[in-house]
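Residue-level structure breakdown
Now for the letters of each chain:
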Amino acid sequence: MFAIMKRDFRSYFNSPIAYVLIGLFVFIMSFIFVIGTVQSGQADFSNGFSFINTLLMFIIPILSMRAFTEDKKQGTEVLLLTSPNSLASIVIGKFLAVYSVFLVMVAFTLMYPLVLFIFGKPEGLTILSSYVGLLFYGAVTVSLCVFASSVTENQIVAAVISFILLLVMMLIDALANFVGTLGSIGSFLGKILTWLSLNERYQEFSSGIFDFTSIIFMLSFVAAFVYFTIRVLERKRWSQG
Amino acid sequence: MIEISNLTKSYGKNKAVDDVSFTVQKGEILGFLGPNGAGKSTTMNILTGFISSTSGTVKVDGFDVLEHPGEVKKRIGYLPEQPPLYMDMTVNEYLNFCADLKSVPKKDWKNQKVDIMELVKITHVSHRLVKNLSKGYKQRVGLAQALVGTPDVLVLDEPTVGLDPKQIIEIRKLIKALGKDHTIILSSHILPEVSAVCDRVVIINKGKIAAIDTPENLSKKLSDFSRFTITIAGPEGRVRDAMQEVYGIKYLETQGTSHKDEFSYIVEADKEVDVRKPLFNKLAEHGFPILELKSLSLSLEDIFLQLTTTETKED
């Protein structure tokens, strides 16, 4: 598991992909920080946090698209699957590799609160809960995108599938709002959709609401997609077509 | 060491492997021979646990590949048709990764790595990126990968494909040497390779086993006659008449002459009867000396073609 994680993680930094994506991410986040926080003169970065998940919708698909497709292309899939490691440990290894790159990315954002703490008095707890939310939301996104890379052999297709899945996750909110206006059944459905919405749960964290059910919900989501990925690999092994 | 019984893998209606059974003894080098698309790679992929069979069982060292995949995979080093290399790593990094993947204990690994690199002669390229290596060296790195963790069984899918003749000879030598303390299954569609390296041969065609035996026995078994050429001093007509009197000779053909009154003939005789002694006596009786006698066994190539073409006719 850790062997795969270590290898993939290094491989991201052996190619320009990690640098480009992290650079892009930091550039956009800094832009928002300067425009939204520094210029407004408030020691509050919640607008930055509530924007991160939109940014991740573009960055994580590109980051994770290689997770399984690259191995299929190079034929190294055989090496992994015939090694004495379980499918679960292979998938978790892949997941952790992408997640670690995500963590590096998140580490760069620590400079914004640092600036806030030096020059102002931000709300420490809100920032803490924002980060907790970000870490779990990132795991959700990564697990979904790694899953997408397991279902296809083409990187671009993997990225597009990931993007569409993430977009649907975002649009659930809009759908919930819309359905909510359609009478009593509609508002009930709307509530279910809102409950299911990961974006909604993430936004709660960034506004300082620390909810344990949300953490459990997101963790279950990650576990489910890791499990789906394992199933995809398993099914391929048994394929009759 | 390896028991494969009634192995079948279907893709839709198509059977890539059809009821294949054979065993490989410990320390044996088994050649897996067949035309392209015969099911060699599929069988190897099933054996190594990369894909699953539709039915049938594979056991390695007593462990079923489906029930105890971990135990089986631990015992097998696999070199697939396309060596599974990460292009963005150096040879050294790559082998370290393989050792990690196979959980080779750190303290053993240092020496093992040196040994393996010496054995496949890649020590001098250990700091180069895999993607910059030539095809031959990539193949060797792939082979090194299969040796990591000192598995008992090596499964090598067309290990010499795409190499130049010198490299082929080297790799064959290496395989022969590895055969001393490994059980090896080796696939190939190149016949001389199999007869040069393997103790036993499985010939597979269209997913079915066409024959299993040692290369020598295969040649013997598959010819219905014993064939030999014989060169005899004496006038052709009288020699032929004399030979035709010998019991068991089925076919006689004059092949040509090199000197005046010296003719060579191709003789085919019943396999059950050794006609050489009666033939000698008969010719001695008539006073025709035998100058040369050479038995013609079928080459593996002939057998291969014979087996695979009869199969086609049956369909």
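My aim in this report is to walk through the structure given alongside it, one point at a time.

Thresholds, definitions, all that
- Residues numbered from 1 in each chain as written.
- Chains lettered and ligands numbered in written order.
- Predicted model: local features only at pLDDT ≥ 70, side-chain atom pairs only at ≥ 80, totals over all residues.
- Heavy atoms only, no water.
- Helix = DSSP H or I, 4+ residues; strand = E, 2+ residues; numbered from the N terminus.
- Buried < 20%, exposed > 50% of the residue type's maximum accessible area, 1.4 Å probe, protein only.
- Contact = heavy atoms within 4.5 Å.
- Pairing = 2+ DSSP bridges.
- Axes fitted to C-alpha atoms, helices over the stretch in contact; angles between N-to-C directions.
- Phe/Tyr/Trp six-rings, centres within 6.5 Å; stacked < 30°, edge-to-face > 60°.
- Lys NZ or Arg CZ within 6 Å of the ring centre and 35° of its normal.
- Buried area = accessible area lost by both parts, 1.4 Å probe.
- Salt bridge = Lys/Arg side-chain N within 4 Å of Asp/Glu carboxyl O.
- Polar contact = N/O pair within 3.5 Å; in protein donor to acceptor, adjacent residues only side chain to side chain.
- Nonpolar A, V, L, I, M, F, W, Y, C, P; charged D, E, K, R; others polar.

Some thoughts on the overall build of chain B
Within chain B one finds eleven helices and 14 strands. In terms of overall dimensions, chain B has a C-alpha envelope of 80 × 45 × 30 Å along the principal axes. Taking all 315 residues of chain B together, 51% fall into the buried category. Within chain B, counting contacts between residues at least 6 apart in sequence, those at least 24 apart form 69% of the total.

Focus: the sheet that holds strand β8 (residues 183-188) of chain B
Strand pairing in a sheet is mediated by backbone hydrogen bonds. Such pairs are either parallel or antiparallel. Residues and elements named next belong to chain B. The sheet built from six strands is open, its strands ordered β6-β7-β8-β3-β9-β10 with mixed pairing. Two strands lie at the open edges of the sheet, namely β6 (76-79) and β10 (208-213), each paired on one side alone. Pairs of neighbouring strands in the sheet enclose a mean axial angle of 15°, with direction left out of account. Alignment of strand β9 (residues 200-205) against β10, held across five bridges, turns out to be antiparallel. Residue pairing across strands places Val202 opposite Ile212, the latter belonging to β10. Along the sheet face, helix α5 (residues 135-147) touches β6 and β7 (153-157) and points at about 165° away from the line of β6. Along the sheet, helix α6 (residues 165-178) makes contact with β3 (29-33), β7 and β8, crossing β8 at roughly 150°.

Some thoughts on the packing of aromatic side chains
Residue and element names in this part refer to chain A. This model, assessed by the stated rule, comprises 21 aromatic pairs over all chains. Pairing Phe33 with Tyr112 gives two aromatic rings, centres 4.9 Å apart and planes at 35°, and the pair type is tilted. With a gap of 79 residues between them, Phe33 in helix α2 (residues 16-38) and Tyr112 in helix α7 (residues 111-119) connect regions that are remote in the sequence. Residues Phe33 and Tyr112 agree in their burial class; the two are buried. Where Tyr227 meets Phe228, the ring centres are 6.4 Å apart and the plane angle is 55°; that geometry is what we call tilted. Members of the aromatic cluster, joined through ring pairs, are Phe33, Phe45, Phe49, Tyr112 and Tyr131. Between Lys94 and the ring centre of Phe68, over which it is positioned, the NZ or CZ distance is 5.7 Å. One cation-aromatic arrangement involves Arg201 over Phe217; the distance from NZ or CZ to the ring centre is 4.2 Å.

Thoughts on the interface of chain A and chain B
Taken residue by residue, the interface counts 25 residues in chain A and 32 residues in chain B. Of the roughly 2,600 Å² buried between chain A and chain B, counting both surfaces, carbon and sulfur atoms make up 57%. Notably, a salt bridge pairs B:Asp88 with A:Arg7, separated by 3.3 Å at the nearest N-O pair. Seen at the junction of chain A and chain B, the total is ten residue pairs in polar contact (both at pLDDT 80 or more). Listed by contribution, the elements that provide at least two residues to the side of chain A that touches chain B are α1 (2-14), α4 (66-74), α5 (77-81) and α12 (212-238) of chain A. No other element matches α1(A), which puts six residues into the side of chain A that touches chain B. In terms of residue class, the side of chain A that touches chain B is made up of eight nonpolar, eleven polar and six charged.

Regarding the sheet that holds strand β2 (residues 14-24) of chain B
Residues and elements named next belong to chain B. Across the sheet, four strands lie side by side as β2-β1-β4-β5; this open sheet has antiparallel pairing. Sheet topology places β2 and β5 (63-64) at the edges, where each strand pairs with a single neighbour. Judged from the two bridges that link them, strand β4 (residues 55-60) and β5 form a sheet pairing that is antiparallel. By the bridge assignment for β5, Val60 is matched with Phe63. Seen against the sheet, helix α1 (residues 40-47) touches β1 (2-11), β2 and β4 and runs at an angle of roughly 120° to β1.

Quick notes on unusual backbone geometry
Residues and elements named next belong to chain B. The backbone phi angle of Asn6 is positive, close to 50°, even though this residue is not glycine. For Asn6, the position within the fold is in strand β1. The partly exposed category is assigned to Asn6, whose relative accessible area is 43%. Of note, the phi angle at Asp61 is positive, near 55°, even though the residue is not glycine. Within the element layout of this structure, Asp61 appears in the loop between β4 and β5.

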